[in-house]
Amino acid sequence: MKKVIFLLTLSLIAQNIFAQTLNLSIRLLDNTQKPVIGASIRLISKTDSTKTQYNICDTAGVAKFITKVGQYTLKATSIGYKNLDKQLIINQKANNFEFVMQDDANALGTVTVVAQKPLVSQEDDKTIIDPEPIASSSTSAYEIMEKTPGLFLDPDGNIYISSTTPATIYINGREQKMSAADIATMLKTLPPNSIQKIEILRSPSAKYDASSSGGIVNVILKKGVKIGRTGSLNLGMNQGRFGNQYIGLNLMNNNGSNNSYFNLNYTNRNSYDQIETNRNISENTYLAQKSYATSPAQIFYSGYGFSYELNPKWTVSVDGRGSYNDSRSKSSNENIIKTIGTDVIRSQNQNDVQNQSNNLLLSQGLSTKYKIDTIGSELTSDFSYNFLSNKNNQNYINQSIPSTQDPLLGNGMIETQRQSFLGQIDLKYKTRHDITIESGLKTSILSFQNATEYTIRLSGQTRLDAARTNKFDYNEAIHAGYAQASKKINSILLKIGARVENTNMNGHQRIPTDTIFKINRTDIFPYAYLSRKISQIAGFDLTGYLIYRRSITRPVYDYLNPSPRYIDQFLYEAGNPTLKPQFTENYEANISVDNRPIFAFGKNYTRDIFTNVIYQSPDNQSIAVRTYDNLGRNEETYFRLLGAIPPGKKYFFVVGTQYNHNKYEGQYQNKPLAFNRGSWSFFTFHQLKFNDVSSITMNGFIRLKGQLQFYELSNFGSLNLSYNRSFLAKKLLFTLSTNDIFFTNNNRFTLNQGTISANGFRKSDTRRFGFNIRYNFGIKKKDSQNNMMNFETLENNSK
């Protein structure tokens, strides 16, 4: 791998000798000297008109290009301004330009925007996903994640990007310190059209938390991004065996310098999950289990925020979210112990479980931004508080078949409470020598309490179930600081940095035994990034990237909490308080064309890897415990390939593939572990426009020889289709959709590790048919005339 990186580096530097380029900066201002945010800029070479570059002005009104000395035509457009057309002569001395765009009152009556963002694009070390084409056929942010090209969700709610390590989830740049199940619940509460974009960071820089070995998925929520007062009313449903329905209202207001938004949403959901498992429990017997579960829930969600520009330099933003989830799940489990080879039934029983769960999530954030200069230097701060409370009342009954004795009745009260605080300050400073220096400090504090109490009732007697009663507290404090610097040398961008994190973990199990564990450690995480424009293909820029990163994966509180969670009489879940963090070193080389990723190759070297495992009880082999354990080390090799026709015309598509090969070495149940497996994933997205008001989209994926920890999965996939039609001057959008058309998003699995030998089948309520209706409304206020005019926004202007 080191030879590959060395050769790629040598190639990039060698090409730099023969291709002298420079950095071009364009800044657009309005008549009041305020930046024109979001203006579209085209830079056209006069010697070759096919060599055209596109960019969008940032919050400082600046758009940057990497180009060569020569003569160019600059064209700039923005809503509410007259088109700007300038002739430029660019050389080493003239490469920074500033222009004023004039107001165009006549353009505010009805605005038609035909340019579209690509579904997938690349910005430095981030892949940007535009969720708009997917949102119209989804009922929640969770469904958008399921349909996003290149993302994979497992049945437990974990999200995977490039590796077999789950990604870390951020909302508006803030890490969500929750379990996978809690994050899945939170994403299901978010309305589908509340997302502005999804940022995928496969190898995040030193600015981001080191606890993201699987990369970062950052969900950016919409704010008041449209000029004027705008909003939308949304409602929809889809139906499988069970149905989902939702209705939502979004309001936004933006007067240019200040903006605010408010979201309100109600969702009624239900689905089923069906699992069949065969597990050997002795040399001549096996346990056959059939489980069928339903999970109806009602979800109430509200979000708000506002941003206020105190002066041209200072901006203050406040945002908050709240959701309440009322769930009533039921499961029915049939358990039969049979003789291997003859299928003679030795015993049989029925196990029924009911859960009544209430989940309350509150989140509040405050951020500030101070603009140090006009070239992008800034000082930002971000503070947030999150509160999550979950109360679950579980009842279960075990009945032997045929009934020869009284059934066993059980009840459990499980209460968890999580509070977290985050505070960080970041400085980005750009020097006159085109060097960008970034540094910052961050503190995150987590407090988690769990109290579980079970009772059992047999033959009319009720008593405490001491084996399942537990009380556990967990506190975590992570303090971090980082520094990194980047420099453009002609067409090469070099970024080097390091992050230092001090981790303090304190776990205290109070019941059934009083035990304490503490971790206090400090680690350093280096980072290196190199990008270089390699060449041009048919007028498109070909750019190469090299990345090195060291990261850590810390066990979350669910993985550490030893409290046993009852699944059925043959299976329990429990955390492992002795779990150690795992460390990963990542090397990746990738290539993009015109800011669209097309190829990547990488290696992950992980030590002290922890994963989900199943152990049989030494006292009763029919009982298994599902937990987490450190197993050894893993070497993962992966590559991605992506191709697309850019949007903007009648038809465009994205198609890609990813291959992962994992090699595990270590110990499993005190025996040597050796596990090798490679899996392929293929994903695609297509959109065909019949005319200006109707289109059809299709997206899907297929996974061959899949892997989930040590489970080997059969081939599975999903194909989704939707038809979109707009009415009322494109203010009303109607979508018909079908998900998992051929009902192929189900799989068989096998597990053969240690003393566990099992196989089975899993399916859920994935094939669904539905519709979605969205009505956009809004008005635009022109300050100079103080009159109100209709403001029409097309589907892609909101991005």
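Thresholds applied
Residue indices follow the written sequence of each chain, beginning from 1 at its first position. Only residues with pLDDT of at least 70 are given local features in this predicted model, and only at 80 or more are side-chain atom pairs given and counted; all residues enter the totals for whole chains, interfaces and linings. With hydrogens and water set aside, each side-chain value is computed from the structure's full complement of heavy atoms. Secondary structure elements follow DSSP: runs of H or I no shorter than four residues count as helices, runs of E no shorter than two count as strands, and numbering proceeds from the N terminus. Only protein chains enter the accessibility calculation, which uses a 1.4 Å probe. A residue is then buried if its area is under 20% of the maximum for its type, exposed if over 50%, and partly exposed in between. Any two residues whose heavy atoms approach within 4.5 Å at even a single point are treated as in contact. Shrake-Rupley sampling with a 1.4 Å probe provides the accessible areas, and residues are treated as covered by the protein chains on show and by no other component. Cavities and pockets are found on a 1 Å grid laid over the protein atoms alone: a cavity is a set of points where a 1.4 Å probe fits but cannot escape, a pocket is an open set with protein on both sides within 12 Å along at least five of seven lines, and a lining residue has an atom within 4 Å of such a point. Grid points are joined across faces, edges and corners, and a volume is the space filled by probe spheres set on the points. Any pair of nitrogen or oxygen atoms within 3.5 Å is treated as a polar contact; in protein, a donor-acceptor pairing is required on top of that, and neighbouring residues in sequence qualify only through side-chain atoms on both sides. By convention a nonpolar core is built from buried Ala, Val, Leu, Ile, Met, Phe, Trp, Tyr and Cys residues, the set being connected through side-chain atoms within 4.5 Å. A pair of strands is labelled paired if DSSP reports no fewer than 2 bridges between them. The convention used is that axes are lines fitted to C-alpha atoms, helices contributing only their stretch in contact, and that angles between N-to-C directions extend from 0 to 180 degrees. Salt bridge, as used here: a side-chain nitrogen of Lys or Arg that lies within 4 Å of a carboxyl oxygen of Asp or Glu. Note on aromatic contacts: the rings of Phe and Tyr and the six-membered ring of Trp form a pair at centre separations within 6.5 Å, being stacked when their planes are under 30 degrees apart, edge-to-face when over 60 apart, and tilted otherwise. Each residue gets a pLDDT score, which is the predictor's confidence in that residue and runs from 0 to 100.

Comments concerning the overall build of the protein
Working step 1: Counting secondary structure elements, the protein contains 5 helices and 47 strands.
Working step 2: The buried share among the 799 residues of the protein stands at 54%.
Working step 3: Contacts in the protein between residues at least 24 apart in sequence constitute 65% of all its contacts with a sequence separation of at least 6.
Working step 4: Roughly 35,300 Å² of accessible area belongs to the protein as shown, and the carbon and sulfur atoms make up 56% of that amount.

Focus: empty space enclosed by the protein
Working step 1: For the coordinates displayed, the defined rule picks out 16 cavities of 30 Å³ or more.
Working step 2: If you go around the second largest cavity, you meet 41 residues; those closest to its centre are Pro166, Thr553, Arg554, Val556 and Tyr559.
Working step 3: Residue assignment for the lining of the second largest cavity shows that the elements contributing at least two residues are strand S11 (159-160), strand S12 (168-171), helix H4 (180-189), strand S28 (470-489), helix H5 (557-560) and strand S35 (596-616).
Working step 4: Examining the composition of the lining of the second largest cavity, we find that 4 residues originate from one element, S35, more than from any other.

As for unusual backbone geometry
Working step 1: The omega angle of the peptide bond from Ile401 to Pro402 is -5°, so this bond is cis rather than trans.
Working step 2: Mapped onto the fold, Pro402 is located in the loop between strand S24 (378-400) and strand S25 (408-430).
Working step 3: A positive phi angle, close to 55°, is found at Asn172, a residue other than glycine.
Working step 4: Here Asn172 is to be found in the loop between S12 and strand S13 (174-175).
Working step 5: Accessibility expressed as a relative area gives 16% for Asn172, which makes it buried.

Quick notes on the side chain of Arg768
Working step 1: For Arg768, the position within the fold is in strand S46 (residues 768-782).
Working step 2: For Arg768, a relative accessible area of 5% corresponds to the buried category.
Working step 3: Among the polar contacts made by the side chain of Arg768, one reaches the main-chain carbonyl oxygen of Asn270 at a distance of 2.8 Å.
Working step 4: Discounting residues that sit within four places of it in the chain, Arg768 has contacts with Asn238, Gln239, Gly240, Phe242, Gly243, Asn244, Asn270, Ser271, Ser737, Thr738 and Asn739.

A few points about the nonpolar core
Working step 1: Ranked by size, the top nonpolar core spans 47 residues in total, and within it Met145, Ile159, Leu187, Ile198, Val217 and Tyr474 carry the most contacts.
Working step 2: Among all residues touching Val217, those that are not within four sequence positions of it are Met145, Leu151, Ile159, Ile161, Ala167, Thr168, Ile169, Tyr170, Ile198 and Glu199.
Working step 3: Leu571, Ile609, Ala624 and Leu751 belong to the second largest nonpolar core, which has 22 residues in total.

Observations regarding the sheet that holds strand S1 (residues 22-29)
Working step 1: Pairing is mixed in the open sheet, where 3 strands are placed in the order S4-S1-S7. Whereas interior strands pair on both sides, the edge strands pair on one side only; in this sheet they are strand S4 (62-67) and strand S7 (96-100). The average angle at which neighbouring strand axes cross in this sheet is 20°, direction not considered.
Working step 2: In this structure, S1 lies alongside S4, joined through 6 bridges in antiparallel fashion. By the bridge assignment, Asn23 is partnered in S4 with Ile66.

Concerning the pattern of salt bridges
Working step 1: For the structure shown, the criterion picks out 24 salt bridges.
Working step 2: For the salt bridge of Glu199 with Lys197, the shortest nitrogen-to-oxygen distance reads 3.4 Å.
Working step 3: The salt bridge involving Arg607 is made with Asp608; its shortest N-O contact spans 3.6 Å.
Working step 4: Taking relative accessible area as the criterion, Arg607 reaches 41% and is therefore assigned partly exposed.
Working step 5: Asp608 gets classed as partly exposed once you look at its relative accessible area, which sits at 24%.
Working step 6: It is possible to trace a salt-bridge network through shared partners that takes in Asp209, Lys442, Arg499, Glu501 and Arg554.

Examining the pairing of S7
Working step 1: Taking every second residue as pointing to the same face, the buried face of S7 carries Phe97 and Phe99, while none of Asn96, Glu98 and Val100 on the other face is buried.
Working step 2: Relative to S7, S1 runs parallel, the two sharing 5 bridges. Considered in S7, the bridge of Ser25 is made with Asn96.

Things to note about the sheet that holds strand S3 (residues 52-56)
Working step 1: With antiparallel pairing, 4 strands are arranged side by side in an open sheet as S3-S2-S5-S6. Only two strands of the sheet have a single neighbouring strand rather than two, namely S3 and strand S6 (84-90). Taken over all neighbouring pairs, the strand axes of this sheet differ in orientation by 20° on average, direction set aside.
Working step 2: Both strand S2 (residues 40-45) and strand S5 (residues 70-77) contribute to a ladder of 6 bridges, which runs antiparallel. The partner of Ser45 across the bridge, within S5, is Tyr72.

Here we look at H4
Working step 1: Summarising burial for H4: 7 of the 10 residues are buried, a large majority.
Working step 2: Within the sequence span of H4, burial applies to Ala180, Asp182, Ile183, Ala184, Met186, Leu187 and Thr189.

Examining the pairing of strand S34 (residues 582-593)
Working step 1: Counting buried residues along S34, 9 of its 12 residues qualify, which places the element largely inside the surrounding structure.
Working step 2: Bridge analysis of strand S31 (residues 540-553) against S34 gives 12 bridges, and the strand direction is antiparallel. The residue of S34 that forms the bridge with Gly544 is Ile591.
Working step 3: Summarising the sheet, S34 and S35 pair through 11 bridges and their orientation is antiparallel.

Focus: the environment of Cys57
Working step 1: Positionally, Cys57 belongs in the loop between S3 and S4.
Working step 2: For the pair formed by Cys57 and Ser40, sequence separation is 17 residues and the distance between their alpha carbons is 6.8 Å.
Working step 3: If we skip the residues at most four places from it in the chain, Cys57 touches Leu28, Val36, Ile37, Gly38, Ala39, Ile41, Val62 and Ala63.

Some thoughts on the packing of aromatic side chains
Two numbers describe a pair of aromatic rings. These are the distance of the centres and the angle of the planes.
Working step 1: Evaluation of the coordinates by the stated rule reveals 24 aromatic pairs.
Working step 2: An angle of 35° between the planes, with centres 6.0 Å apart, marks the rings of Phe639 and Tyr659 as tilted. Taken together, the residues span a long stretch of sequence, with Phe639 in strand S36 (residues 624-645) and Tyr659 in strand S37 (residues 651-668) at a distance of 20 residues.
Working step 3: Ring centres of Phe639 and Trp680 lie 5.5 Å apart, and the angle between their planes is 80°; on these two criteria the pair is classed as edge-to-face.

Focus on the environment of Glu476
Working step 1: Inspection of the secondary structure assignment puts Glu476 in strand S28.
Working step 2: On the accessibility criterion, Glu476 (8% relative accessible area) is buried.
Working step 3: For the pair Glu476 and Asn504, spaced 28 residues apart in the sequence, the C-alpha separation amounts to 5.6 Å.
Working step 4: Those residues in contact with Glu476 that lie beyond four places of it in its chain are Lys177, Ser444, Ile445, Leu446, Asn504 and Met505.
Working step 5: There is a polar contact of 2.7 Å between the side chain of Glu476 and the side chain of Tyr474.

Examining the environment of Val655
Working step 1: Here Val655 lies in strand S37.
Working step 2: You can call Val655 partly exposed: its relative accessible area is 38%.
Working step 3: Not counting chain neighbours up to four residues away, the residues in contact with Val655 comprise Leu641, Leu642, Gly643, Phe683 and Thr684.

So, the confidence of the model for the protein
Working step 1: Of the residues in the protein, 90% reach a pLDDT of 70 or more, and the chain-wide mean stands at 83.
Working step 2: Element-level mean pLDDT values for the protein span from 32 in strand S47 (residues 787-790) up to 94 in S24.
Working step 3: Taken as a whole, residues 3-19 scores under 50 in pLDDT and shows 19 contacts with residues more than four places along the chain or in a different chain.
Working step 4: Here residues 107-115 is modelled with pLDDT under 50, and outside its nearest four sequence neighbours on either side it reaches 16 contacts, counting other chains as well.

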